[in-house]
Amino acid sequence: MAIEFKHVNYIYSPGSPLEKKGLDDISFKLEENKFITLVGHTGSGKSTLMQHFNALLKPTSGEIDIAGMTIDSHSNNRQLKELRRHVSIVFQFPESQLFENTVLDDIAFGPKNFGYSEKEALDLAEEWLIKVGLDPEVGKKSPFDLSGGQMRRVAIAGVLAYQPDILCLDEPAAGLDPNAKKQMMQLFSDYQKAGHTVILVTHNMNDVADYADDVLVLEQGKLVKQATPRELFSDPQWLKDHYLDMPTAGQFAMQLKNYKFGENPLSLDELVAGIRKNLKR
Amino acid sequence: MEKKKIISFKNVSLTYPETKKPAVDNVSFDIAEGSWTAIIGHNGSGKSTITRLINGLLVPDNNPDTSIIVDGITLTDDTIWDVRDRVGIVFQNPDNQFVGATVADDVAFGLENRGIPRSEMLDIVEESVRKVGMASYMNAEPANLSGGQKQRVAIAGILAVKPKIIILDEATSMLDPNGRDSILSLVREMKAENNLTVISITHDIDEADEADDVIVLDDGVIIDQGSPEKIFNQPEMIERIGLEEPFIFKLKQKLIEAGIEIPDSVNKQEELLEVLWQLNSNM
């Protein structure tokens, strides 16, 4: 079952003086169980698009096929709870949404909300507490006694615990230190490989190169490209025209003017291999 | 001549209530006026605690040897407002620092607090908002802006009151690469114009690599301070404390491991490019 957007338009405050086009005739198809990245500049429509994945926003026109449902401007709010069990959005700074007395209760809230029994929900909470890399002891603490990085993990565990088929994340690693960030990206990558779709909004082209199967590029509410990272980063001029960066390794390779790289290296290892090849010629 | 110290910490500790271990443990350091200093360390290493000690948001543990001096003023209950006049902090999440109903109001807040006459205030607000590239959002509600735009407004609010020291507490971590570069170059420009001292608390190691001075924190203790070259030529230390080396240092390391000869003195991108260029033209 693929995710498909068909000519989706979204207009903010239609008919008012503040009317503004958020999404402009967006059509694309995504395969399920892939790692998708969504890139574009501030104000390009990434967040607006993301909120369509679980119908927090409904298209002004056009339709969306997702998780076996079809969403259009008339979609009934009553069907949406089922949709949201399958499609979850984690916004920036999800730790600001923690509220329970203990970490375990906070993680268990999601599963309970979607029909798991108290016991099942708490079991899932214990399981996911560990899977996101926290000590089981942390479970009894108040979420507000944790560090920012730990709170972030608790918030994400609360979403993963009811195992949505499609997980949408908006810059989930922002503000984390490099180690914590790497662990978190690995967690999402493992989640995807276990048979879920991950859609990640990011500005970090190294993450795009390292993790993505498929990339959507948005600009002023329009989809300007859908490609694999390899395809996207093979066209430096296109990237430049759209003010997007090359991954760091590729940027460096482009400055090595007397070297030849078959394909623009996307990672440090590819860059080192390419340099070795040139020197052994 | 040694540069004037604008911030001087001596034997500063801070223990949060209900914890036994200090978050910042007997820390001493100096920051030179007009310098760009990066404070690096993993989450929870005490970086933000130091920020909050500099402007008296937190009070250090009571100890006769402790002192915090900012621009020649010893921080006490009586001088706290003088110190805060000199220090502007841009926090990571701009939502936590908005007060105004519009962008212009928000930027004006600090000026109103300081009793700047209205006519003058309007000019300063306009100039600050223009400088951060938000001129067309003057009357927009901050809540309707994107994360990056909000951060620009927060920075405008700080620039408007012209502090001597500006602290970027992970302030660029929410911006896209272009936004980040434009904010950093804006801060650089402001720094040059006004002899600002910049302290950047960051995980962005490539940003730290451009600083004059780097302070490395680990579990509340300063484990090293020095130039980026000095700090980042210690890959084991950087890895041990949970950080990442700047790209150039990682590449240098990997090339050496691959048997390619890179002199130890190579610490900058241009130098590495030059060495690689020559290696390939000699063959």
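Residues numbered from 1 in each chain as written. Chains lettered and ligands numbered in written order. Predicted model: local features only at pLDDT ≥ 70, side-chain atom pairs only at ≥ 80, totals over all residues. Heavy atoms only, no water.

- Going by the annotation in an unreviewed UniProt entry, the name recorded for chain B is Cobalt import ATP-binding protein cbiO 1, with Lactobacillus pasteurii DSM 23907 = CRBIP 24.76 given as the source organism.
- If you open the UniProt record of chain B and go to Subcellular location (unreviewed entry), you find "Cell membrane".
- Of chain B, the UniProt comment under Sequence similarities (unreviewed entry) reads exactly: "Belongs to the ABC transporter superfamily." (UniProt positions renumbered as here; feature names shortened; annotations may be inferred.)

- If you look chain A up in an unreviewed UniProt entry, it shows as Energy-coupling factor transporter ATP-binding protein EcfA2 from Lactobacillus pasteurii DSM 23907 = CRBIP 24.76.
- Its UniProt record, at the heading Subunit (unreviewed entry), says of chain A: "Forms a stable energy-coupling factor (ECF) transporter complex composed of 2 membrane-embedded substrate-binding proteins (S component), 2 ATP-binding proteins (A component) and 2 transmembrane proteins (T component)."
- Per its UniProt entry, chain A bears the Sequence similarities (unreviewed entry) comment "Belongs to the ABC transporter superfamily. Energy-coupling factor EcfA family."

1. Observations regarding the nonpolar core
As a rule of thumb, soluble globular proteins bury nonpolar side chains together.
Phase 1 of the analysis: One finds I40, V90, V125, I166, L168 and F232 of chain B to be the most contacted residues of the largest nonpolar core, which totals 49 residues.
Phase 2 of the analysis: Here this core gets 7 residues from one element, more than from any other, and that element is helix α5 (residues 147-160) of chain B.
Phase 3 of the analysis: Those residues in contact with L168 of chain B, other than ones at most four positions away along the chain, are W36, V90, L184, V187, V198, I199, S200 and I201 of chain B.
Phase 4 of the analysis: The next biggest cluster of nonpolar side chains, apart from the first, holds 39 residues, and it includes L104, L124, L146 and L176 of chain A. (Core = buried A, V, L, I, M, F, W, Y, C linked by side-chain atoms within 4.5 Å. Buried < 20%, exposed > 50% of the residue type's maximum accessible area, 1.4 Å probe, protein only. Helix = DSSP H or I, 4+ residues; strand = E, 2+ residues; numbered from the N terminus. Contact = heavy atoms within 4.5 Å.)

2. With respect to the sheet that holds strand β1 (residues 5-14) of chain B
Residues and elements named next belong to chain B.
Phase 1 of the analysis: Across the sheet, 4 strands lie side by side as β2-β1-β4-β5; this open sheet has antiparallel pairing. Either end of the sheet is taken by a strand with one partner, and the two such strands are β2 (24-32) and β5 (73-74).
Phase 2 of the analysis: Both β1 and strand β4 (residues 67-70) contribute to a ladder of 4 bridges, which runs antiparallel. Following the sheet pairing, F9 is matched in β4 by I68.
Phase 3 of the analysis: Where helix α1 (residues 47-54) meets the sheet, it contacts β1, β2 and β4, and its direction lies at approximately 115 degrees from that of β1. (Pairing = 2+ DSSP bridges. Axes fitted to C-alpha atoms, helices over the stretch in contact; angles between N-to-C directions.)

3. Here's the deal with the interface of chain A and chain B
Phase 1 of the analysis: Contacts between the two partners involve 31 residues from chain A, matched on the other side by 35 residues from chain B.
Phase 2 of the analysis: Between chain A and chain B, roughly 3100 Å² of surface is buried when both sides are summed, and carbon and sulfur atoms account for 64% of that area.
Phase 3 of the analysis: Inspection of the region where chain A meets chain B yields 1 salt bridge.
Phase 4 of the analysis: Remark: the boundary between chain A and chain B carries 7 residue pairs in polar contact (both at pLDDT 80 or more).
Phase 5 of the analysis: When residues of the side of chain A that touches chain B are traced back to their parent elements, those giving at least two are α6 (178-193), α10 (248-255) and α11 (268-279) of chain A.
Phase 6 of the analysis: With 8 residues, α11 of chain A is the single largest residue contributor to the side of chain A that touches chain B.
Phase 7 of the analysis: Split by residue class, the side of chain A that touches chain B holds 15 nonpolar, 10 polar and 6 charged. (Buried area = accessible area lost by both parts, 1.4 Å probe. Salt bridge = Lys/Arg side-chain N within 4 Å of Asp/Glu carboxyl O. Polar contact = N/O pair within 3.5 Å; in protein donor to acceptor, adjacent residues only side chain to side chain. Nonpolar A, V, L, I, M, F, W, Y, C, P; charged D, E, K, R; others polar.)

4. Some points on the UniProt feature "domain: ABC transporter" (unreviewed entry) in chain A
Phase 1 of the analysis: Here, the residues flagged by UniProt with the feature "domain: ABC transporter" (unreviewed entry) are residues 3-245 of chain A.
Phase 2 of the analysis: For residues 3-245 of chain A, the helix share is 35%, the strand share is 25%, and the end-to-end C-alpha distance is 27 Å.

5. Comments concerning the environment of V12 of chain B
Phase 1 of the analysis: Within the fold, V12 of chain B resides in strand β1.
Phase 2 of the analysis: When the C-alpha atoms of V12 of chain B and K164 of chain B are compared, they prove to be 22 Å apart, with 152 residues separating the residues in sequence.

6. Observations concerning the packing of helix α10 (residues 247-257) of chain B against helix α11 (residues 269-281) of chain B
Residue and element names in this part refer to chain B.
Phase 1 of the analysis: Packing of α10 against α11 brings their axes to within 10 Å, and their N-to-C directions diverge by 30 degrees. The angle between α10 and α11 places the two elements in the roughly parallel class. Where α10 crosses over α11, the two elements pack in a sense that is left-handed. In this structure, α10 contributes I248, L251, K252 and L255 to the contact, and α11 contributes Q269, L272 and L276.
Phase 2 of the analysis: Grouping the constituent residues of the contact of α10 with α11 by class yields 5 nonpolar, 1 polar and 1 charged. (Parallel < 35°, antiparallel > 145°, perpendicular 65-115°, else oblique. Left-handed = near helix turned anticlockwise from the far one by under 90°.)

7. Looking at the sheet that holds strand β1 (residues 3-12) of chain A
All names here are of chain A.
Phase 1 of the analysis: On the basis of which strands lie adjacent, the open sheet formed by 4 strands has the order β2-β1-β4-β5 and antiparallel pairing. Of all the strands in the sheet, the pair left with one neighbour each is β2 (20-30) and β5 (69-71). Direction aside, the axes of adjacent strands within the sheet are offset by 20 degrees on average.
Phase 2 of the analysis: Sheet topology note: the strand β4 (residues 61-66)/β5 ladder contains 3 bridges and is antiparallel. By the bridge assignment, D65 is partnered in β5 with T70.

8. Details of the domain arrangement of chain B
Residue and element names in this part refer to chain B.
Phase 1 of the analysis: Once the domains are mapped, chain B shows domain 1 (5-242) and domain 2 (246-282).
Phase 2 of the analysis: Every contact between the two is made by 8 residues of domain 1 and, on the other side, 7 residues of domain 2.
Phase 3 of the analysis: Taking both sides of the interface into account, the surface hidden between domain 1 and domain 2 amounts to around 610 Å²; carbon and sulfur atoms contribute 53%.
Phase 4 of the analysis: If you sort the residues of domain 1 by the area they bury against domain 2, D209, E229 and N233 come out on top, with a joint share of 57%.
Phase 5 of the analysis: Where domain 1 meets domain 2, there are 1 salt bridge. (Domains from an automatic or database assignment.)

9. Structural notes on the environment of Q226 of chain A
All names here are of chain A.
Phase 1 of the analysis: Relative to the helices and strands, Q226 is located in strand β10 (residues 222-227).
Phase 2 of the analysis: Take Q226: its relative accessible area is 34%, and that puts it in the partly exposed class.
Phase 3 of the analysis: Leaving out residues up to four positions away in the same chain, Q226 has contacts with F28, K29, L30, D214, V215 and L216.
Phase 4 of the analysis: Within the structure, the side chain of Q226 is placed 3.0 Å from the side chain of D214, a separation counted as a polar contact.

10. Structural notes on the pattern of salt bridges
Side chains bearing opposite charge may pair, as long as their charged atoms lie close to each other.
Phase 1 of the analysis: Applying the stated rule across the entire model yields 27 salt bridges over all chains.
Phase 2 of the analysis: E127 of chain A serves as the salt-bridge partner of K131 of chain A, at 3.1 Å between the closest nitrogen and oxygen. Of the two residues, K131 of chain A and E127 of chain A both sit in helix α4 (residues 118-131), 4 residues apart, roughly one turn of that helix.
Phase 3 of the analysis: What makes K131 of chain A partly exposed here is its relative accessible area of 44%.
Phase 4 of the analysis: D30 of chain B is paired through a salt bridge with K5 of chain B; the nearest N and O atoms lie 3.8 Å apart. Here K5 of chain B lies in strand β1 and D30 of chain B lies in strand β2, a separation of 25 residues in the sequence.
Phase 5 of the analysis: Judged by its relative accessible area of 33%, D30 of chain B is partly exposed.

11. Let's talk about the packing of aromatic side chains
Phase 1 of the analysis: Overall, the coordinates contain 11 aromatic pairs over all chains when judged by the stated rule.
Phase 2 of the analysis: The rings of F5, F28 and F53 of chain A are connected pair by pair, giving a single aromatic cluster.
Phase 3 of the analysis: It is R84 of chain B that lies over the ring of W81 of chain B; its NZ or CZ is 4.9 Å from the centre. (Phe/Tyr/Trp six-rings, centres within 6.5 Å; stacked < 30°, edge-to-face > 60°. Lys NZ or Arg CZ within 6 Å of the ring centre and 35° of its normal.)

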